[in-house]
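Here is how the chains run, residue by residue.
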Amino acid sequence: INAEYGGKLLISSHLNSREMPLRLFGKAKPQSTPEQSIQRLKETISLLEKREDHLQDRINAEIKIARQNGTKNKRVALMALKRKKAYEAQMENLGNTKLNLENQVQTLEQSLLSMVVAETMVEASNTLRRVQREMKIEDVDQTIEQIQEQYDVSKELAEAIARPISGEVYDEDELERELAELEEENLDELLSENLPSQKVSTATATTPQISLPAAPNAPVEEEEDEFASLQDSMTVEVAY
């Protein structure tokens, strides 16, 4: 019985240990967000950089001590150089640690960006799926048909409003023939009015203008004198 009870107790304790969070440094802390982790890493990197500055000051100080005691006290100079080497080793370790932390910052930032992009894509996909589920192709076709019917009804209403109230329907072909007859009559009147003037002007234009030279005055006067003397001679003969 004790063995069975002990076995159950061991299994229970093992399950409880799996459910409990891992505690390496004291009490378990709540999980931090990626932004908080990035901020914590950057603060740690800044702390390491301050440590590097401090070690660089110590290295410079040890170099100064070694130079001052190089000829005076060789043992002090050698100890200063040993401390300098130890500080340089610490600086190298700090540099590697800082590089690792910077890589973690870059990885977290990239992961955070990827997570934001993935969440956005999932949200967009869900929205598109919901829209497609709510809007079917049959509904779209029905909507287009309704719009076409409304357009046809509006067109019929507009034609009904624009229709003459008297109810007279005019034959367009008959109106066109009447208009053509009127235009032909107007053309005939214009031709009859312009025809005589065109003939007179044509005759005037075709008849040549002949200008005769003026006869000299002297021959005409001589002929008149001869005709007068002839009449006088005839008168005398009759008197005899």
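Just so it is clear, the model here is predicted, and its values are computed rather than measured.

How each quantity is defined
- The residue count restarts for each chain, going from 1 along the sequence in the order it is written.
- In keeping with the model being predicted, local features are shown solely for residues with a pLDDT of at least 70 and side-chain atom pairs are shown and tallied solely at 80 or more, while totals for entire chains, interfaces and linings include all residues.
- With hydrogens and water stripped out, all remaining heavy atoms of the structure feed into the side-chain values.
- The pLDDT value tells you how sure the predictor is about a given residue, anywhere from 0 up to 100.
- Secondary structure follows DSSP: runs of H or I at least 4 residues long count as helices, runs of E at least 2 residues long count as strands, and numbering of each begins at the N terminus.
- Working rule for contacts: check all heavy atoms of both residues, and any pair within 4.5 Å makes them a contact.
- Within this document, salt bridges are pairs made up of a side-chain nitrogen of Lys or Arg and a carboxyl oxygen of Asp or Glu, the two lying within 4 Å of each other.
- A 1.4 Å probe rolled over the protein chains alone gives each residue an accessible area, and that area as a share of the maximum for its type sets the label: buried under 20%, exposed over 50%, partly exposed in between.
- Definition of nonpolar core: a set of buried residues of the types Ala, Val, Leu, Ile, Met, Phe, Trp, Tyr and Cys, connected through side-chain atoms within 4.5 Å.

## A word on the confidence of the model for the protein
Stage number 1. Residues at a pLDDT of 70 or more form 66% of the protein, whose mean pLDDT is 76.
Stage number 2. Confidence, read as mean pLDDT per element, is least for helix H1 (residues 2-19) in the protein (41) and greatest for helix H2 (residues 34-68) (92).
Stage number 3. Predicted confidence for residues 1-22 stays below pLDDT 50, and this span has one contact to residues more than four positions away or in other chains.
Stage number 4. Under a pLDDT of 50 for its full length, residues 236-240 has, in the predicted model, zero contacts with residues more than four places off or in other chains.

## Considering the pattern of salt bridges
Stage number 1. Under the defined criterion, the tally for this structure stands at four salt bridges.
Stage number 2. Among the ionic pairs, Arg83 bridges to Glu62, the shortest N-O distance being 3.0 Å. Linking Arg83 in helix H3 (residues 74-134) with Glu62 in helix H2, this pair joins segments that are 21 residues apart in sequence.
Stage number 3. Residue Arg83 is classed as partly exposed on the basis of its relative accessible area of 31%.
Stage number 4. On the basis of relative accessible area, Glu62 is assigned to the buried category, the value being 5%.
Stage number 5. Put simply, Glu88 and Lys84 hold a salt bridge, and the shortest N to O gap is 2.9 Å. Here Glu88 pairs with Lys84, and both are found in helix H3, just four residues apart, close to one helical turn.
Stage number 6. When its relative accessible area of 31% is taken as the criterion, Glu88 is described as partly exposed.

## Observations regarding the environment of Lys84
Stage number 1. Using a relative accessible area of 12% as the deciding quantity, one classes Lys84 as buried.
Stage number 2. Considered as a pair, Lys84 and Asn60 are 24 residues apart in the sequence and their alpha carbons are 8.1 Å apart.
Stage number 3. Once residues lying within four places of it in the same chain are set aside, the contact partners of Lys84 are Ile59, Glu62 and Ile63.

## Focus: the nonpolar core
Stage number 1. Within the largest apolar cluster, 12 residues are counted, these being Ile38, Leu41, Ile45, Leu48, Leu55, Ile59, Tyr87, Met91, Leu94, Leu101, Val105 and Leu112.
Stage number 2. Of all the elements in the fold, those that place two or more residues in this core are H2 and H3.
Stage number 3. Excluding residues within four positions of it along the chain, Leu94 makes contact with Leu48, Arg51, Glu52 and Leu55.

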